[in-house]
Amino acid sequence: MAYHYNAHPEELETFFEQPGCLQAFSRIIGRLQDDVALRAIKIASRMIIAIARQIADSGYRPGKLTLTAGHTLGADIELDRSLEKYAQAPDTGILDNLVSYVRRVEKKAFVMMLDYSYSMQGKVILAAITAAAIAQHFKENYAILAFSSSVGILKAADETVGPEKVLHRLFALKSHGDTNIRMVLEAGLKHIGKFERKVGLILTDGDWNRGGDPFAAAVQFDKLSVIGFPFANFEKIRQLSLHGKGTFSIVEDETEIVGAILQCLS
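Residues numbered from 1 in each chain as written. Predicted model: local features only at pLDDT ≥ 70, side-chain atom pairs only at ≥ 80, totals over all residues. Heavy atoms only, no water.

A. Focus on the packing of helix 4 (residues 34–56) against helix 7 (residues 163–171). Between helix 4 and helix 7, whose axes approach to 10 Å, the crossing angle comes to 130 degrees. Considering their axes alone, helix 4 and helix 7 lie oblique with respect to each other. For the element pair helix 4 and helix 7, the recorded crossing hand is right-handed. On the side of helix 4, the interface is formed by L38, I41, S45, I48 and I49, while helix 7 contributes P163, E164, L167, H168 and F171. Per-class residue counts for the contact of helix 4 with helix 7 are 7 nonpolar, 2 polar and 1 charged. (Axes fitted to C-alpha atoms, helices over the stretch in contact; angles between N-to-C directions. Helix = DSSP H or I, 4+ residues; strand = E, 2+ residues; numbered from the N terminus. Parallel < 35°, antiparallel > 145°, perpendicular 65-115°, else oblique. Left-handed = near helix turned anticlockwise from the far one by under 90°. Contact = heavy atoms within 4.5 Å. Nonpolar A, V, L, I, M, F, W, Y, C, P; charged D, E, K, R; others polar.)

B. Examining the sheet that holds strand 4 (residues 108–115) more closely. Overall, mixed pairing links the 6 strands, which are arranged 6-5-4-7-8-9 in an open sheet. The two strands at the open ends of the sheet, each matched to only one other strand, are strand 6 (151–155) and strand 9 (245–250). Sheet twist, expressed as the average angle between the axes of neighbouring strands with direction ignored, equals 20 degrees. Bridge analysis of strand 8 (residues 223–228) against strand 9 gives 4 bridges, and the strand direction is parallel. Counted as the bridge partner of L224 is K245 from strand 9. Along the sheet, helix 7 contacts strand 4, strand 5 (142–147) and strand 6; its crossing angle with strand 6, the most-contacted strand, is approximately 150 degrees. (Pairing = 2+ DSSP bridges.)

C. Region of the structure containing the packing of helix 4 against helix 6 (residues 124–138). Two elements in contact, helix 4 and helix 6, have axes whose closest approach is 8 Å; the angle formed by their N-to-C orientations is 50 degrees. Taken together, the axes of helix 4 and helix 6 lie oblique to each other. Crossing hand, helix 4 versus helix 6: right-handed. Each of I48, I49, I51, A52, R53, I55 and A56 in helix 4 lies in contact with helix 6, whose residues at this interface are I125, A128, I129, A132, A133, Q136 and H137. Per-class residue counts for the contact of helix 4 with helix 6 are 11 nonpolar, 2 polar and 1 charged.

D. Looking closely at helix 8 (residues 181–191). Buried within helix 8 we find I181, V184, L185, A187, G188 and L189. If you check the start of helix 8, you find a side-chain oxygen 3.5 Å away from the backbone N of R182, and it comes from N180. (Buried < 20%, exposed > 50% of the residue type's maximum accessible area, 1.4 Å probe, protein only. Polar contact = N/O pair within 3.5 Å; in protein donor to acceptor, adjacent residues only side chain to side chain.)

E. Structural view of the packing of aromatic side chains. Enumeration over the complete set of coordinates arrives at 7 aromatic pairs. When the centroid spacing of 5.8 Å and the interplanar angle of 65 degrees are considered together, the rings of F25 and F171 count as edge-to-face. Of this pair, F25 sits in helix 3 (residues 21–28) while F171 sits in helix 7; the two residues are 146 residues apart in sequence, bridging distant segments of the chain. Accessibility classification places F25 together with F171 in one group, the buried group. Here a set of aromatic residues connected by ring pairs shows up, and it is made of Y5, F15, F16, F25 and F171. One residue, K155, lies across the ring of Y142, its end atom 4.0 Å from the ring centre. When the ring centre of W208 is taken as origin, the NZ or CZ atom of K236, which lies over that ring, is 4.7 Å away. (Phe/Tyr/Trp six-rings, centres within 6.5 Å; stacked < 30°, edge-to-face > 60°. Lys NZ or Arg CZ within 6 Å of the ring centre and 35° of its normal.)

F. Up close: the pattern of salt bridges. The tally for this structure, following the rule as stated, stands at 5 salt bridges. The salt bridge partner of D178 is R210, with a shortest N-O separation of 3.2 Å. A residue pair is termed long-range when its members are at least 10 positions apart, and D178 in the loop between helix 7 and helix 8 and R210 in the loop between strand 7 (197–204) and helix 9 (215–218) qualify at 32 residues. When its relative accessible area of 26% is taken as the criterion, D178 is described as partly exposed. Residue classification places R210 among the partly exposed positions, given a relative accessible area of 43%. (Salt bridge = Lys/Arg side-chain N within 4 Å of Asp/Glu carboxyl O.)

Honestly, that's just the spatial picture; any functional story needs more than this.
Here it is, written out as structure tokens:
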């Protein structure tokens, strides 16, 4: 396939109209000529960003619900608590006894950490969909790190770039090295250390083989979720998410990654 599209790059648009094209692209990208690869990445990125936009616009509302006395525009009344207050002091009237839920938006930062060690070859499309969804959902105050036996920065928390640039950097990664999850968790905490709430997501097969166990770093996140790819070590991923007070999923394709991303953002 790579040989054919290197010779006929004008057929790439048709290639990306076929079912399963993104997964096929992930298998041939390393064999495409540089100019052909750039052309293919632009087309694939458009598709990935369209998928990611649907995830980012899923209706998830940020912030934490808290009870407050009174009622403001857009707040939800807590009926039982309001009636209880009114029964204790009916002379003050209904309005003075209202209790409602308001959504307090915390100063929150998010860090996505992508494993690109040898064992993660072929997972680039799932990683790209996740990165694009995070980029469109948070817009700012998010970082994306790539790691194997070392850690690289795809986007710093205070950097202003669009999802297209993030995907360009992601597709330039070459799988190599071992897996040091402890190192990337510690690096992720430094990137979002100044924020009130620290939330992370790590994409990996869970098979760390450098740096020792990462649990001491995981517990420092307010929420650390894990998305694992085949052939993920189920128990390692579960333990990592438990220490991080987050969720975990193991996904195989583009349909499953959507639910996993929404779960970690909830």
